[in-house]
Amino acid sequence: METKKKDIRALTKEQLRNFFVERGDKAFRGNQVYEWLWQKSAHTFDAMTNVSKETRQMLEEHFVINHIRVDQMQRSSDGTIKNAVRLHDGLIVESVLIPTETRTTACVSSQVGCSLDCRFCATARMKRMRNLNPDEIYDQVVAIDNESRLYFDRPLSNIVFMGMGEPLMNYNNVLKAIDMITSPEGLGMSPKRITVSTSGVPKMIKKMADEEVKFGLAVSLHSAIDEVRTSIMPFNATFSLADLREALEYWYSKTKSRITYEYVVWEGINDTQEAADALVKFCRFAPSKVNLIEYNPIDDGEFQQASSTAVDMYQRTLEKNGITVTVRRSRGKDIDAACGQLANKT
Ligand code: SAH
């Protein structure tokens with residue numbers, strides 16, 4: 001009977017070392033293999049050239065390396081690149097490379113589909129199929145780092161968890177992936193260059209605060225009025241703004257790190273002075289930055305980007321109250337790579 005082979009990257013370094021010791025080999029062999037798996041991102045056991053042929057064969061008999069495959073790469077006229085990434089079980093997620101003058105940002109997915117139901121987001125129209133494993137998140141980052149070196153002649157500089165899925169609903173795997181991305185045994189990136197974006201899961205925000213994580217937090221707020229927020233982000237009925245606010249206060253008290261809010265202004269939904277005042281009231285308790293992001297249409301016109309007058313009104317209101325604000329233009333729209341457009345069209 002053939003037993004299913006295990007994904008070797010599900011093992012910790014200690015477990016891999018023990019695996020070799022149990023077979024009468026040296027623990028050090030585990031370190032070598034671990035380095036191939038993570039730092040060198042080997043796709044096959046055969047690539048591990050400083051490991052003997054017998055050992056490679058033995059590993060092959062026990063394990064698989066479930067490496068992702070970039071199935072399709074699309075390039076936008078503005079330089080943005082979107083990868084359709086095939087997972088070992090055939091499912092597909094998307095990740096995006098966003099270049100600016102000085103930086104390359106990777107926007108990565110944390111789930112296949114999403115369990116939340118934000119009315120304005122294309123990913124919500126797929127059903128949530130499964131969580132990504134830590135190595136599947138890690139591989140997306142490696143793929144974009146390689147593309148950044150190839151096309152822009154520089155390494156990846158920043159990572160945002162703003163692709164498909166809700167990172168805090170795949171908490172353990174996302175944190176494990178970040179551990180490897182920041183570890184010198186992985187990519188050695190600074191956690192300060194990583195931002196996790198959430199639609200706001202209060203319990204998990206508190207847990208992150210307790211674990212004293214060093215990466216940044218962004219919250220997709222879109223409205224600071226419960227009734228309005230629930231109408232566009234239905235889970236707000238369960239995780240209310242009061243709970244979210246309390247969790248964010250806790251986060252700030254522990255981390256002292258600035259909170260970023262993502263916010264789209266839609267016509268007839270949140271384009272009033274009253275809505276802008278509610279936003280100020282919600283985020284004034286800690287140093288905050290509001291990204292006013294452009295709406296990327298995904299549907300038949302239920303949602304419309306508000307006028308520039310309304311966006312200017314938001315900007316003025318926030319600035320007057322000492323809140324940092326940026327008005328962000330979308331990137332990669334022509335290839336459906338912009339915020340909220342990731343939905344496996346291909
Ligand atoms: N679930 C996480 C990660 C997804 S991030 C979160 O909600 O933060 C994707 C970002 O794009 C979120 O801020 C989301 O609110 C925003 N977004 C979703 N659909 C959009 C659209 N059609 N246009 C612009 N932004 C959108």
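Shown above is the structure to which this text applies.
Reference entry: report on the structure contained in this document. Predicted model, so just to flag it, every value in this text is computed and none were measured. (Residues numbered from 1 in each chain as written. Predicted model: local features only at pLDDT ≥ 70, side-chain atom pairs only at ≥ 80, totals over all residues. Heavy atoms only, no water.)

### Quick notes on the state of the cysteines
Part 1 of the reasoning: For the structure on display, the rule yields zero disulfides.
Part 2 of the reasoning: No disulfide involves Cys-114; its sulfur sits 6.6 Å from that of Cys-118, the nearest cysteine. (Disulfide = S-S within 2.5 Å.)

### Considerations on the pairing of strand β5 (residues 92-99)
Part 1 of the reasoning: Judged by how many residues are buried, β5 sits mostly within the fold: seven of eight residues are covered.
Part 2 of the reasoning: Examined bridge by bridge, strand β4 (residues 81-86) and β5 share six bridges and lie antiparallel to one another. If you follow Ala-84 over to β5, its bridge partner there is Glu-94.
Part 3 of the reasoning: Hairpin connection between β4 and β5: a loop of five residues separates the two successive antiparallel strands, and Gly-90 in this loop has a positive phi of roughly 90°.
Part 4 of the reasoning: Here β5 runs beside strand β6 (residues 104-107); their pairing, made up of four bridges, is antiparallel. Looking across to β6, one finds that Leu-97 is bridged to Ala-106.
Part 5 of the reasoning: Adjacent in sequence and paired antiparallel, β5 and β6 are bridged by four residues. (Buried < 20%, exposed > 50% of the residue type's maximum accessible area, 1.4 Å probe, protein only. Helix = DSSP H or I, 4+ residues; strand = E, 2+ residues; numbered from the N terminus. Pairing = 2+ DSSP bridges.)

### Things to note about the pattern of salt bridges
Part 1 of the reasoning: For the coordinates displayed, the defined rule picks out 19 salt bridges.
Part 2 of the reasoning: In this structure, Arg-56 engages Asp-46 in a salt bridge whose closest nitrogen and oxygen atoms are separated by 3.4 Å. Of the two residues, Arg-56 is situated in helix α3 (residues 53-62) and Asp-46 in the loop between α2 (27-37) and α3; the sequence distance between them amounts to ten residues.
Part 3 of the reasoning: Its relative accessible area of 15% is what places Arg-56 among the buried residues.
Part 4 of the reasoning: Taking the shortest distance from any N to any O, the salt bridge between Arg-130 and Asp-89 comes out at 2.8 Å. One end of the pair, Arg-130, is in strand β8 (residues 130-131); the other, Asp-89, is in the loop between β4 and β5, and 41 residues separate them in sequence.
Part 5 of the reasoning: The exposure class of Arg-130 is buried, given its relative accessible area of 16%.
Part 6 of the reasoning: By relative accessible area, which is 39% here, Asp-89 ends up partly exposed.
Part 7 of the reasoning: Three or more residues are tied together by salt bridges with common partners; here these are Arg-9, Asp-135 and Asp-139. (Salt bridge = Lys/Arg side-chain N within 4 Å of Asp/Glu carboxyl O.)

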